[in-house]
Every structure is written in structure tokens, then in C-alpha cells.
Amino acid sequence: MDTQERVLLDDQAIRRALTRVSHEIIEKNKGIEDCILVGIKTRGIHIAERLAQNISRIEGKEIPVGVADITLYRDDLTPQTENADPELKGTDIPFDVQEKKVILVDDVLYTGRTVRAAMDAVMDLGRPSQIQLAVLIDRGHRELPIRPDYVGKNIPTSKEEVISVKVAEVDENDRVTICHKSK
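What counts and what doesn't
Residues numbered from 1 in each chain as written. Predicted model: local features only at pLDDT ≥ 70, side-chain atom pairs only at ≥ 80, totals over all residues. Heavy atoms only, no water. UniProt positions renumbered as here; feature names shortened; annotations may be inferred. Helix = DSSP H or I, 4+ residues; strand = E, 2+ residues; numbered from the N terminus. Pairing = 2+ DSSP bridges. Axes fitted to C-alpha atoms, helices over the stretch in contact; angles between N-to-C directions. Contact = heavy atoms within 4.5 Å. Buried < 20%, exposed > 50% of the residue type's maximum accessible area, 1.4 Å probe, protein only. Right-handed = clockwise from strand over helix to strand, strands pointing away. Parallel < 35°, antiparallel > 145°, perpendicular 65-115°, else oblique. Left-handed = near helix turned anticlockwise from the far one by under 90°.

**A few points about the UniProt feature "short sequence motif: PRPP-binding" (unreviewed entry) in the protein**
With numbering aligned to this structure, UniProt lists the feature "short sequence motif: PRPP-binding" (unreviewed entry) at residues 102–114. Along residues 102–114 one finds 15% helix and 62% strand; the C-alpha atoms at either end are 16 Å apart.

So, in C-alpha cells, the structure goes:
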């Protein structure tokens with residue numbers, strides 16, 4: 001049983017990946033007109049804020065950032081957990097999403113279920129012209145037909161491996177690691 005944790009991205013590699021993704025967002029959207037970033041709780045929020053800072057530095061104007069809490073939209077709640085009143089941390093998108101290009105931001109894309117839930121949360125607020133997806137890590141193993149538009153790094157994994165993203169705002173340092181699940 002291998003529980004050794006391996007560092008895949010350090011703070012500089014994460015910074016470079018997010019800088020590249022920021023440029024790709026600007027290029028694909030021909031600027032940032034009508035674009036908004038929506039970070040998926042928890043670490044997706046911090047990644048969205050960093051993308052916004054990069055984009056602001058590059059374009060010289062601010063891009064709005066919102067927060068999606070997908071707790072009530074999850075499809076993996078069992079009857080037991082549904083009755084336990086899931087803790088709500090709050091979706092905070094203080095601007096109109098109608099006819100905007102919403103760029104959902106998350107740390108790791110795995111099965112696609114979190115992203116589907118975030119899309120539901122956004123659609124409940126209005127009808128965006130587009131929803132795009134930016135992720136720091138795409139690890140494969142999709143269960144839904146969801147594909148990211150922007151990827152910091154593709155890291156093919158086995159289902160026995162765990163990808164851990166740490167961001168300084170929450171974890172005191174920036175790092176992406178991989179290890180095998182302990183049995």
C-alpha cells in the first residue's frame with residue numbers, strides 16, 4: 001500500500017499554469033467583455049480570484065468574480081444526508097448572469113458531477129449566453145459529458161489515486177500532490 005505523496009505542481013508551476021489559462025480566457029473571448037468568473041467552493045474560489053487578478057493586470061480592467069455553492073445541487077446526496085440538512089455556505093453571484101459568458105472555475109475536474117451541479121446553480125440565476133469551464137487539474141474519469149475549456153494541467157490518474165490541491169489562502173501554501181488511497 002503506497003501512501004507516499006508526490007508533488008506534481010509547486011507554487012511556481014501553479015502560477016505559470018494560471019497565467020497561461022488567464023491568457024487563454026482573454027484570447028478565446030476576444031477580451032473580457034460580458035465575461036464573469038464563478039469559483040466553485042472552496043478552492044475554485046481562490047483560483048478564480050487569482051485568474052481575475054491576472055486578467056486585470058493583462059487587460060487593465062476588472063472581471064467580476066462570484067461564488068457557487070453547489071451543496072443543494074449535488075446528485076450524490078442519499079436520503080440520509082438529505083435529511084441531515086446540508087450546510088449551506090452560500091452562492092454569491094452579485095451580478096446578472098443573463099446573456100453573460102460565465103466561466104466556472106474549479107481546482108480539480110474528475111467525474112464532472114460538481115461542474116454539473118455548479119451549472120444548475122448558475123442557471124437558476126438566469127440564462128447566460130455561454131458557460132465555459134476552467135480547471136487547474138483535469139484528472140480524467142468523467143461520468144458526465146463535461147469537458148473543460150481551459151486546463152492548467154492534465155494529469156491522468158487511476159481511480160485509486162487522490163489528487164490534492166492546496167492553495168495558500170486556505171492551506172498556507174500552493175501545491176498539487178498525488179498519492180494512492182489507503183485501504
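**As for the sheet that holds strand β2 (residues 35–40)**
Ordered by their spatial adjacency, five strands build an open sheet running β3-β2-β4-β5-β6, and the pairing between neighbours is parallel. Sheet topology places β3 (65–68) and β6 (150–154) at the edges, where each strand pairs with a single neighbour. Direction aside, neighbouring strands of the sheet carry axes that sit 25° apart on average. Direction of pairing for strand β4 (residues 101–109) relative to strand β5 (residues 130–138): parallel, over a ladder of eight bridges. Directly across from Val105, in β5, lies its bridge partner Ala134. Running over the sheet, helix α1 (residues 11–28) touches β2, β4, β5 and β6 and is turned about 150° from β6.

**Things to note about the sheet that holds strand β7 (residues 161–166)**
Spatial ordering of the open sheet is given by β1-β8-β7, a layout of three strands whose pairing is antiparallel. The sheet terminates laterally at β1 (6–9) and β7, the two strands that pair on one side only. Mean inter-strand twist for the sheet, computed between neighbouring axes without regard to direction, equals 30°. Relative to strand β8 (residues 175–180), β1 runs antiparallel, the two being bridged by three bridges. Among the inter-strand pairings, Leu9 is bridged to a residue of β8, identified as Val176.

**A few points about the pairing of β5**
Most of β5 sits inside the fold, with seven of its nine residues counted as buried. Running through helix α4 (residues 113–123), the crossover from β4 to the neighbouring parallel element β5 is right-handed. As paired elements, β5 and β6 share four bridges and run parallel to each other. Within β6, the position partnered with Ala134 by the bridge is Tyr150.

**Quick notes on the packing of α1 against helix α2 (residues 43–59)**
α2 packs onto α1 with a crossing angle of 60° between their chain directions and a minimal axis gap of 9 Å. If you check the angle between α1 and α2, you find them oblique. Crossing hand, α1 versus α2: right-handed. Contacts from Ile14, Leu18, Thr19, Val21, Ser22, His23, Ile25 and Ile26 in α1 reach Ile47, Arg50, Leu51, Asn54, Ile55, Ile58 and Glu59 in α2.

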